[in-house]
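# Chains, contacts and geometry: an overview
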Amino acid sequence: SPSAGGGPGVARGFGAVAFGDDGAQTYTERKLLGYSPDEIFQVVSRVEDYHEFVPWCTHSVVKGREPGGAGRLRAELGVGFQIFEERYTSLVTVRRPSLVKSEAGDSEMFERLDCEWRFRPGERPGTSWLEFDLAFCFASPLHRRVAGLFVQEVVKKMVSAFEGRCRELYGRPAPC
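Here we summarise the structure given alongside this text. Only a predicted model underlies this, so the values are computations on that prediction, with no experimental measurement involved.

## Digging into the overall build of the protein
Of the regular secondary structure elements, the protein holds 4 helices and 8 strands. In the protein, which comprises 176 residues, the proportion classed as buried is 42%. Restricting the contact set of the protein to residue pairs at least 6 apart, pairs at least 24 apart contribute 48%. On the protein, roughly 9,200 Å² of surface is accessible, and the fraction owed to carbon and sulfur atoms is 53%.

Here it is, written out as C-alpha cells:
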C-alpha cells in the first residue's frame, strides 16, 4: 500500500478513479517502486505468466507475435471472479523498457478494457516510477454500477501482485 514515507522498499504513490467521455471508468495509479524500469517491464510484458500471479486471471496464453520483434503480440486472457468467467483476446504493444499497452477485443463482458503501463527511472538508482492507466466499461449496466464500488481495490491488488512478482524474481527492492 502506498505510503508518504520513504525508506527501503517503501513505495510512494497515488490512485484516482474517474469517468471518461464515453462512459468508461478510468483509473490511474502512480507509484514509486524499488525496481528498475527494465525489471518491471520484464514482469509486465510477460503476459503468458499472468495466470501465475495476477488476481482473478485464470488463463494467459500468447497466441502470436508480430515477426521481426515489432513489439506487438496477441494474447488470450481469462478473468474470473465468483460466478463470472470471461476469455478474450488482447492486442498488446510493448516498447522496452518504457511501455506495455493492451486493448481487449471480442469480449462479451467488457465493451472496453484498455491498460497502459509506463515505466521511467526514479530519482535513486534501481527505482522506477510506475504509471498505470486502466479504462474499462462493462457491457452490462448492472456490472457498470457495481464496478464503481470496487475498481480502486482491484487495481491496487493488481499493481501489488506485479510488485510481488518483482520481489519474487529480483529480491528485495532498492530503497525508494
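## A few points about the nonpolar core
For soluble globular proteins, the rule of thumb is that nonpolar side chains tend to be buried together. Within the largest apolar cluster, 38 residues are counted, with the highest numbers of intra-cluster contacts made by Tyr50, Trp117 and Leu134. At the level of elements, β2 (25-33), α1 (37-45), α2 (50-53), β4 (72-81), β5 (84-95), β7 (110-121), β8 (128-138) and α4 (151-170) are the ones that each hand at least two residues to this core. If one sorts the elements of this core by residue count, α4 sits on top with 7 residues. Not counting the four nearest positions on each side in its chain, Trp117 is found in contact with Val44, Ser98, Leu99, Val100, Leu130, Glu131, Phe132, Val159 and Phe162.

## Considerations on a nonpolar patch on the surface
A cluster of nonpolar side chains, contributed by Leu142, Val146 and Phe150, occupies part of the molecular surface with about 240 Å² of accessible area. Structurally, Val146 can be placed in helix α3 (residues 141-147).

## Section: the layout of surface pockets
Empty space among the atoms becomes visible once a probe the size of a water molecule is rolled across them. Considering only enclosed or pocket space, the largest pocket measures out at about 620 Å³ in volume. No other element matches the 5 residues that α4 contributes to the lining of the largest pocket. Looking at the lining of the largest pocket residue by residue, the class counts come to 28 nonpolar, 2 polar and 1 charged.

## Describing the environment of Glu86
If you trace the backbone, Glu86 turns up in strand β5. On the basis of relative accessibility, which here comes to 9%, the residue Glu86 falls in the buried class. Taking the C-alpha atoms as reference points, Glu86 and Glu108, separated by 22 residues in sequence, lie 7.5 Å from one another. At 2.7 Å, the side chain of Glu86 forms a polar contact with the backbone nitrogen of Glu108.

## Describing unusual backbone geometry
Here the bond from Arg96 into Pro97 is cis, since omega is -5°, no more than 30 degrees from zero. Inspection of the secondary structure assignment puts Pro97 in the loop between β5 and β6 (99-105). Non-glycine residue Trp56 carries a positive phi angle of around 70°. You can see Trp56 is positioned in the loop between α2 and β3 (57-65). Phi angles above zero are rare outside glycine, and Asp106 is one such case at about 40°. Mapped onto the secondary structure, Asp106 falls in the loop between β6 and β7.

## Brief notes about α4
Since the α-helix advances by 3.6 residues per turn, residues separated by three or four positions end up pointing in the same direction. Under the 1.5 Å per step criterion, the end-to-end length of α4 is 28 Å for 20 residues, consistent within 8% with the ideal 28 Å. All buried positions along α4 are accounted for by Val151, Val155, Met158, Val159, Ala161, Phe162, Glu163, Arg165 and Cys166. Downstream of α4 by a residue or two, Gly171 has a phi angle that is positive, lying close to 90°.

## With respect to the packing of α1 against α4
The geometry of α1 relative to α4 is characterised by a closest axis approach of 10 Å and an angle of 115° between their N-to-C directions. The pairing of α1 with α4 is recorded here as roughly perpendicular in orientation. Seen from above, α1 lies across α4 with right-handed handedness. In this structure, α1 contributes Glu39, Ile40, Gln42, Val43 and Val44 to the contact, and α4 contributes Phe162, Arg165, Cys166, Leu169 and Tyr170.

Cut-off values and rules
Every chain is numbered independently, its residues counted from 1 as its sequence is written. For a predicted model such as this one, the threshold for reporting local features is a pLDDT of at least 70, and the threshold for listing and counting side-chain atom pairs is 80 or more; totals across whole chains, interfaces and linings nevertheless cover every residue. The basis for every side-chain value is the complete set of heavy atoms in the structure, and neither hydrogens nor water enter the calculation. Secondary structure follows DSSP: runs of H or I at least 4 residues long count as helices, runs of E at least 2 residues long count as strands, and numbering of each begins at the N terminus. Each residue gets one of three labels from its accessible area relative to the maximum for its type: buried under 20%, exposed over 50%, partly exposed in between, using a 1.4 Å probe on protein chains only. Contacts are assigned to residue pairs that have any heavy atoms within 4.5 Å of one another. To be clear on the numbers: accessible area is Shrake-Rupley with a 1.4 Å probe, and residue cover counts the displayed protein chains and nothing else. Here, nonpolar core means buried Ala, Val, Leu, Ile, Met, Phe, Trp, Tyr and Cys residues that are tied together by side-chain atoms lying within 4.5 Å of each other. Patch membership requires over 30% relative accessible area and the absence of a salt bridge. Like charges are linked within 9 Å, and nonpolar side chains (Val, Leu, Ile, Met, Phe, Trp, Tyr) within 5 Å. Whenever Lys or Arg places a side-chain nitrogen within 4 Å of a carboxyl oxygen from Asp or Glu, that contact is recorded as a salt bridge. A cavity here means a set of 1 Å grid points, computed over protein atoms only, where a 1.4 Å probe fits but cannot escape. A pocket is an open set with protein on both sides within 12 Å along at least 5 of 7 lines, and lining residues have an atom within 4 Å of a point. Grid points are joined across faces, edges and corners, and a volume is the space filled by probe spheres set on the points. Ten residues, namely Ala, Val, Leu, Ile, Met, Phe, Trp, Tyr, Cys and Pro, are considered nonpolar, four, namely Asp, Glu, Lys and Arg, are considered charged, and the remaining ones, Gly among them, are considered polar. In protein, a polar contact means a hydrogen-donor-capable atom and an acceptor-capable atom, both N or O and within 3.5 Å, with residues adjacent in sequence counting only if both atoms are side-chain atoms; elsewhere, any N or O pair within 3.5 Å suffices. Given a helix with a known number of residues, its expected span is that number minus one, times 1.5 Å. Structural elements are reduced to axes, namely lines fitted to C-alpha atoms, with helices fitted over the stretch in contact, and the angle between N-to-C directions of any two is expressed from 0 to 180 degrees. For classification, angles of less than 35 degrees are called roughly parallel, those exceeding 145 degrees roughly antiparallel, those between 65 and 115 degrees roughly perpendicular, and all remaining angles oblique. By definition, any crossing whose near helix is turned counterclockwise from its far helix by less than a right angle is left-handed, and any crossing with a clockwise turn is right-handed.

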